Amino acid sequence: MDPAALTFTGVSKVYEGAGSAERYALRDVTCEIASGRTVAIVGRSGSGKSTLLHLAAGIDVPTRGSVAVRGTPLEGLDETARTRLRRHEIGFVFQLFHLLPHLTVRDNVALPDLIAGVRERAYRERVAALLERVGLPDRADDPVAGLSGGEMQRVAICRALLRRPRLLLADEPTGSLDDASGEVVMDLMLRMVAEEGATLVYATHSRELAALADRTLRLHSGILEPEPDATG
Amino acid sequence: MLRYFYRTVSAHWRTNPVLYGLTVLGVALGVASVISIRILNQSAVASFAAGVRTIGGAADIVVTGKGGTLPDAAYPLVRGTPGVTAAWPVFETTVPLEGRPGTFARLLGVDLLAPAPELWEALSAFAPEAAAVGRRGWTAATPELARAMGWVPGDRFKVRDGALVRELRLGALIDFERWGISGNRRALVMDIAGAQALFGGAGTLHRIGVTAAEGVDLDALAARIEASLGGRADAVTPSERTGQARELLGAFRLNLTALSLVSLLVGTFLVFSSMRACLVWQRREFGVLRSLGSTPAQVLALILGEAALLGVLGVVIGIVAGYWTAIWNLDAVSSTLTNVYMLREIESLEVSAGTLALAVFAGLGGALSGTLLPALDVWRRDTRTLLDTYPAQSAGIAWARVLFRIGLAVVAGALAWYWLAGWRWRPSGFVLSTAVMLCLPLLAPWLVQRLTGRVRVPDFGFRYGVRSLGATLANTSFSVSSLAMAVCLLVGITLLVESFRETLVRWVNRSLTGDVFVTATVGARPGPDATLSAQLVERLAGRPDVEGVGPLRRLFLGVEGRRVAVVGVDLSRAAARQRLALLSSGDAVGRAIRERGILIGEPLSRSASVTAGDTVEIEGPEGPVRLPVSGIYRDYTQGGSVTMDLGLMAETLGPGALTSIALQLRPDADPEAVAAGIESRHPGGSLRVRSNRHLKEDILRVFDQTFAVTRILQVMSLIIAACAITLTLLVVAQEKASEIALYRTLGAFRRQVFLLFVSKGTAMAFLGLAMGFAGGIGLGAILIFVIQKSYFGWSIEWIWPWLPLAGEALAIVCAAVLASLYPAFRASRTPANELCHADA
Amino acid sequence: MRMRKRKGGCRFGLPAWVLMLAGVMIWSDATVHAWTPAQPGYVWSFPRDHWARAGYKTEWWYFTGHLRTVEEPVRRFGYQFTFFRIGVSQDPPEGGSAWSAGNLIMGHAALTDLETGRHRFSELVVRAAPLLAGFGRHPDPRLAWSVGPPGTPEPWELRWNGDGFDFTMADAGKSFGFSLSTRPLKPVVFQGPGGLSRKGEGATEASHYYSFTRMATTGTVRVDGKELAVSGTSWMDKEFGSNQLGENTQGWDWFSLQLDDGREVMLYLLRSRGGGTRYAGATLVDPAGAVRYLRPDEWMLNATGQWTSPVTDATYPAGWTLDIPTAAIRAVVTPKLADQENRSALVPVLFYWEGSVRVESRSGKRIGQGYVELTGYGENSRPPI
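Note that the structure is a prediction, hence the values are computed from the model and not measured. (Residues numbered from 1 in each chain as written. Chains lettered and ligands numbered in written order. Predicted model: local features only at pLDDT ≥ 70, side-chain atom pairs only at ≥ 80, totals over all residues.)

Visitor: Let's hear about the overall build of chain B: which residues, and what values?
Guide: Counting its secondary structure elements, chain B contains 31 helices and 20 strands. Across the 840 residues that make up chain B, the buried fraction comes to 53%. Once local pairs closer than 6 in sequence are excluded, the contacts in chain B between residues at least 24 apart make up 83%. (Helix = DSSP H or I, 4+ residues; strand = E, 2+ residues; numbered from the N terminus. Buried ≥ 20, exposed ≤ 12 C-beta atoms within 10 Å, placed from the backbone. Contact = placed C-beta atoms within 7 Å.)

Here it is as structure tokens:
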């Protein structure tokens, strides 16, 4: 059996506050997310959703506890190994898309392969296929500045899925979009994740969007609320 | 708001000390480069003016011989001229101090027994010592010289006089400068009788200082003195004297002045771009302020206030740094003055109010103007765009093109102006150079954009770095143009210096045809009054290892109102013909022999507007002589020269002894050995004997010394270039933190980000190099073909100094790589969650 | 004119600086031969002794006198003309430099316009190098000559004309000059027995000294561009010696009086540094030229007034009573003009009073005229060595 896509064991993240006061972003979080599932993390602003995603992506390290991605505990990895893990196993979608304005749509999608040193020949078709999949095949050579918000996020999803990550993390993926395009994007993302057989963990504050997930985790002031129906 | 201002400034310092420090350093460097050169320039001029005072003492009029010296008999005539209240004779020579190679002192022989009233106090202050003038070798020295040499009164010391060593006794220490006897702080003074007797100058004076009665018209008095000497002497007022000597120093001063102008331009630009860069990363903060309800004017005041603060700090540091740079380079400039121009060395650095004002102007002006554009931009923009994570760059394309067109227009306009009218105006070369330097920053943005936009990006490596430069066009093009200006300067000066040097080498190789050169000297220096005796010439010609003798007689005479060397050679000798690199066509030498004409050097031809076919007037010792000009030749001597046949010279200017001869040796003879042999065998005669190789080395050493000061600018350019790159990359690292964080999130290693930034730095270096080389070639052409020609009349051959240029390019690339290391390191440490914080 | 601290004097000694110069030179250079001091037994020989006597360190020819124009309107002048020879070295550096010199020559000349009250002074100091100045040798008629002061093309010259002295000077800057020819009316007068004039008790404190106390004088005076024919009477002194002044000498007062009855009186007082008379001497010449040296107790000189120079601040005596009972002289001596101070610009420490005086009886009747020299007055004044 596949190891769990993501495992949090007694994870706390503490930020130093003013003076000696400590602020808990996450407090003693323990959960396990099985492979191939879609999980929504809900909670108010500041409840620790983003922190949880950052810890999962290895771009932040927990103060206490252990985070494991597909059975690999991140605390045992150095910066380079964490980066390598991110490169091969994890995709990320941001609320603000973070597309690079000086690159074309195609180059933005191809960026992870570019960074990973993959030859253009090797990713050309994959990029085309992804853009085709999100319905932007004819915008490949356009500068990203001309795209709408929904289009931008679709490009961002292509970028996140380019290297076939096993784990896709999305932080408020529709937060910057209107409801209509938000739904379209969310729908597309879920379907593509399913097609790729990846695990999706996304943060949202929308009950409607959360309802689309297999499982919902609620964060309140950094504490994971017990799930009514623990089916993860 | 004021409290906020203090807080933000201190907070900025704390959060980004390197960037702020670098900005201040940028301002300081700009200011330092401007004022160090200016300080040196002014100090050289001041020292030079003091040198003129040295020549004149406290005199209202200085009388010098047309042939360089005056006979003793001129003194009573000058003294007796109505209107004169005092006249004092001066015999002067420069003596090498024995035991200290390369150290010279000015030795003055004055009338210590009956000093002019102006000098009386100085001498009465040490009357008992002065009394000892009756003793041979009694000498008074300046305290500075004594200190430098470790002498105390009573010591004996030795000086060289040609091959002879003279022992002198230090009788007293006197501050001659204070008494106006000499402006030279390394001077020796002895009684004129002793000086003439010891240094082989019996019968000759170098000048007579004159003070005039109150109310006497100095020009009229000068004319009366000249008339009483039968027109064989020049009586000049100090202002005339300054004018004459100023021309002598022309090349050197022009060099410094040009450098100081260019450094002002580059320095101000560096300040400008430093401030600009510093401001970019504060954009978002201003956005926040605006969103919190600050008015645009408040934000503008905040920005300008901070800029002014940084500017002031930079100016203060820059003045100190500039002063130290000047001190650091003092030796080079100073030794040029003393060794090449025979003037006193720079003894104190002059920091005038004007220099300080210039520093403030360059520093604060550059800082404020560098701030103004982005500040206005911030002022205009709405709050939201200020808060953007990725500030829009698309607008850049439009302004880059506009600037490019302006840049082209500037160059085209300058060229058109020069073509139509400017060439008649002497300083037009400076206008052209300024246009070249100015067009670089104007052309840079568009060129950067076009060049980087074309780059295909196959991987996340060097080319990705180049491509992303276009994404930060404003920052990038500023540092690229800073670098380009620095490179332009470097290349232009290198082209000039190396071309000039090579031209000189070729000219020297061509004109120095003898194997050994024997020159008569007085007081260790060839002087117009130093001649070779006929017996000596005969004896040398009769040596078994000598095959031929090239005679040369040199006089210093007024030609068309200019004081130049008039050289007599045997024009019928092949070597003499070959010696002249003729510029005019045809057999000019043959024509000169047939027509009884003269040949004139190019600088004289230009300055006096005389060409072949004209006649020129030479103020001969026996009166003015008019002779036709048969041809023009290349000439790189200071002040210019005229060459004629020895026979014609004797006929028209009077007979006289040779001043030097060139010995043609048999092929098996060793020139070095022969030179050494002649020198050692003639200890009694004051001879300077140099082998061909030795003489060439001497000439080139003087040349190298003259241009030594340009090294300051070369080093300065490198620092400026490196500084600009570091600054830009730091700003980019700051500004693009989100982008870097994205790369990191997408799986880029720190190593990759590091290399990306080094690539950016290197790419900027190459862009700057390319533009700078293009500009530098233009600048070099202007320096060589316009400025040197119009100021000195020197034809310089264009030579590509590949090796020095390649070395400089390599140095710049290395500097760029080094300069990008720190920002690259900073960028690589950007945490990946930086991106997400922006989202929070 | 700039104010400077001034010291020094003239006539018996020389300006302090010059003597110091020459003196130190002797001390500092062992190879220089010693200068000959004035000693008894000198064998005089005229006219040869009118020429320079090498071997003595200092020597001078001193002329003073009174002139009046030949033509109307009558203008009266007092004048002074002096050439000093100052031995610097008896062994000048050889080596062919034309500037090599063993002597300095100093020329002083003054012309006092007794009508307008203007006193003019001219001077020169040059080394006695062939180019500039020199001393003739018997029988060359030139005794001494020099280029003129700066700005003056004409030289200064003193000649022996076989009978008397001719001398000429000019100063273009000061706008005056004169050319005078003198003829002695009396034979040579030796000032002191054998021509040895004692200046103190020390062995070398003496000089060889003779005078022509009355000489008919004719010639021209040039003043402010006018040339005036003049005639009058002069007094001439020639003196030479080496280190003749004692160390404690502050200065001296010297009188040369020509009485209308045909007699002449020369008297001098050397003053000590602390005040008081250090040494004194007097000579009386009768109308026929017979000389009598007066004992110190035979004459009495009292200063009756004083004058302070506005330029140098020196206060000089001005006005005397002179009593020589053995010669039936009871005279009042009064400066014809208060300011007859000679102030050197070339040697700023040198200034002295040298002026024409009236000689009158106690009742105010003119009985003669003369010249008086006063040196060593003024603040911080130091005696010449």
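Visitor: Mind laying out the overall build of chain A, listing which residues take part and the relevant values?
Guide: Within chain A, the regular secondary structure consists of seven helices and ten strands. When each of the 232 residues of chain A is scored for burial, the buried share is 49%. Within chain A, residue pairs in contact and separated by at least 24 positions form 73% of the contacts whose partners lie at least 6 positions apart.

Visitor: Describe unusual backbone geometry, listing the residues and the values that go with them.
Guide: Backbone phi values are negative for most residues with the exception of glycine, while trans is the configuration of most peptide bonds. Residue P47 of chain C is bonded to the preceding F46 of chain C through a cis peptide linkage, with omega at 5 degrees. Following H138 of chain C, the chain continues into P139 of chain C via a peptide bond in cis, with omega recorded as 10 degrees. Mapped onto the secondary structure, P139 of chain C falls in the loop between strand 5 (133-135) and strand 6 (142-146). Its identity is not glycine, yet F97 of chain A carries a phi of approximately 65 degrees, on the positive side. On the secondary structure map, F97 of chain A appears in the loop between strand 6 (90-93) and helix 3 (105-116). Positive phi, normally seen in glycine, also occurs at H98 of chain A, with a value near 55 degrees.

Visitor: For the interface of chain B and chain A, give the residues involved together with the corresponding values.
Guide: At the junction of the two partners, chain B supplies 29 residues and chain A supplies 28 residues. For the side of chain B that touches chain A, the elements supplying multiple residues, two or more each, are helix 18 (462-469), helix 28 (737-745), helix 29 (750-792) and helix 31 (834-839) of chain B. The leading source of residues in the side of chain B that touches chain A is helix 28 of chain B, at five residues. Considered class by class, the residues forming the side of chain B that touches chain A number 15 nonpolar, ten polar and four charged. (Nonpolar A, V, L, I, M, F, W, Y, C, P; charged D, E, K, R; others polar.)

Visitor: I'd love a proper account of the pairing of strand 7 (residues 164-173) of chain B, names of residues and values included.
Guide: Residues and elements named next belong to chain B. When strand 5 (residues 138-141) meets strand 7, the two strands line up parallel, connected through four bridges. Counted as the bridge partner of W138 is R169 from strand 7. Both strand 6 (residues 156-161) and strand 7 contribute to a ladder of six bridges, which runs antiparallel. Bridge pairing in strand 7 links K158 to E167. (Pairing = 2+ DSSP bridges.)

Visitor: Explain the sheet that holds strand 5 (residues 72-73) of chain A to me, and be specific about the residues and the numbers.
Guide: Backbone-to-backbone hydrogen bonds join strands into a sheet, with any given pair of strands oriented parallel or antiparallel. Residue and element names in this part refer to chain A. Pairing within the open sheet is antiparallel, and its four strands lie in the order 2-1-4-5. Looking at the sheet topology across the chains shown, the edges are occupied by strand 2 (22-33) and strand 5. Where strand 1 (residues 6-16) meets strand 4 (residues 64-69), five bridges bridge the pair, whose relative direction is antiparallel. Among the inter-strand pairings, L6 is bridged to a residue of strand 4, identified as V69. Contacting strand 1, strand 2 and strand 4, helix 1 (residues 49-57) crosses the sheet at an angle of about 120 degrees to strand 1. (Axes fitted to C-alpha atoms, helices over the stretch in contact; angles between N-to-C directions.)

Visitor: Please give an account of the sheet that holds strand 3 (residues 38-42) of chain A that cites residues and values.
Guide: Residue and element names in this part refer to chain A. The strand order across the open sheet formed by six strands is 6-7-8-3-9-10, and the pairing between neighbours is mixed. Each end of this open sheet is capped by a strand with a single partner; those strands are strand 6 and strand 10 (223-224). In the sheet, strand 6 pairs with strand 7 (residues 167-171) via four bridges, with the strands oriented parallel. Each bridged residue has a counterpart across the sheet, and for F92 the counterpart in strand 7 is L169. Where helix 5 (residues 149-161) meets the sheet, its contacts fall on strand 6 and strand 7, and the angle it forms with strand 6 comes to roughly 170 degrees.

Visitor: Please give an account of the packing of helix 3 of chain A against helix 5 of chain A that cites residues and values.
Guide: Residues and elements named next belong to chain A. Contact geometry for helix 3 and helix 5: axes closest at 7 Å, N-to-C directions at 30 degrees. As the angle between them shows, helix 3 and helix 5 are arranged roughly parallel. The handedness of the crossing between helix 3 and helix 5 is right-handed. Packed against helix 3, whose contacting residues are V105, N108, V109, L111 and P112, the element helix 5 presents V155, C158 and R159 at the interface. In the contact of helix 3 with helix 5, the residues fall into six nonpolar, one polar and one charged. (Parallel < 35°, antiparallel > 145°, perpendicular 65-115°, else oblique. Left-handed = near helix turned anticlockwise from the far one by under 90°.)

Visitor: Mind laying out the environment of G363 of chain B, listing which residues take part and the relevant values?
Guide: Tracing the backbone shows G363 of chain B in helix 14 (residues 353-380). It is 9.2 Å that separates the C-alpha atoms of G363 of chain B and A308 of chain B, two residues lying 55 residues apart in sequence.

Visitor: If you had to explain the environment of I115 of chain A to someone new, which residues and values would you point to?
Guide: Position of I115 of chain A among the secondary structure elements: in helix 3. A tally of 24 C-beta atoms within 10 Å means that I115 of chain A is categorised as buried. With 28 residues separating them in the primary sequence, I115 of chain A and R87 of chain A have C-alpha atoms 8.7 Å apart. Leave out the neighbours within four places in its chain, and I115 of chain A touches F460, Y743, L746, G747, A748 and Q752 of chain B.

Visitor: A description of helix 24 (residues 646-653) of chain B should follow, citing residues and the corresponding values.
Guide: All names here are of chain B. Within the span of helix 24, buried status applies to L646, M649 and L653. Axial view of helix 24: buried residues confined to an arc of 65 degrees, hence all on one face. Elements in contact with the buried residues of helix 24: strand 13 (546-559), strand 14 (562-569), strand 16 (615-620), strand 17 (623-633) and strand 18 (641-645). After helix 24 finishes, the residue G654 shows a positive phi value of roughly 95 degrees. (Arc of directions from axis to C-beta.)

Visitor: So, helix 3 of chain A: which residues are in play, and what are the values?
Guide: Counted residue by residue, helix 3 of chain A has eleven buried out of twelve residues, so it is predominantly covered. Among the residues making up helix 3 of chain A, those that are buried are V105, R106, D107, N108, V109, A110, L111, P112, D113, L114 and I115 of chain A. Those residues of helix 3 of chain A hidden inside the fold are in contact with helix 4 (120-133) and helix 5 of chain A together with helix 18, helix 28 and helix 29 of chain B. After helix 3 of chain A finishes, the residue G117 of chain A shows a positive phi value of roughly 80 degrees.

Visitor: I'd like to hear about the packing of helix 17 (residues 428-453) of chain B against helix 29 of chain B, residue by residue, with values.
Guide: Residues and elements named next belong to chain B. Orientation of helix 17 relative to helix 29, taken along the N-to-C sense of each, is 165 degrees, at an axis distance of 10 Å. Here helix 17 lies roughly antiparallel to helix 29, going by the angle between them. Crossing geometry of helix 17 relative to helix 29 is assigned as right-handed. On the side of helix 17, the interface is formed by S428, G429, L432, S433, V436, L440, A444, L447, V448 and L451, while helix 29 contributes L767, M771, G775, G778, L779, I782, V786, I787 and S790. In the contact of helix 17 with helix 29, the residues fall into 13 nonpolar, six polar and no charged.

Visitor: Before we move on, could you go through the confidence of the model for chain B and cite the residues and values that matter?
Guide: All names here are of chain B. Summing up the model confidence of chain B, the mean pLDDT is 77 and the portion of residues at 70 or higher is 79%. Averaged over each element, pLDDT in chain B is lowest for helix 5 (residues 127-131) (44) and highest for helix 3 (residues 74-79) (93). Below pLDDT 50 for its whole length, residues 127-134 participates in 31 contacts with residues either more than four positions away or in separate chains. The complex model carries a pTM of 0.63, and its ipTM stands at 0.88. (pLDDT = per-residue confidence, 0-100.)

Visitor: Can you explain the environment of K186 of chain C? Please cite residues and give values.
Guide: Residue and element names in this part refer to chain C. Along the chain, K186 falls in the loop between strand 9 (176-184) and strand 10 (189-190). The exposure class assigned to K186 is partly exposed, which follows from the 19 C-beta atoms found within 10 Å. Expressed as a C-alpha distance, the spacing of K186 and A288, which sit 102 residues apart in the sequence, is 7.2 Å. Ignoring any residue separated from it by four or fewer positions in sequence, one finds K186 in contact with F212, T213, R214, V285 and G289.

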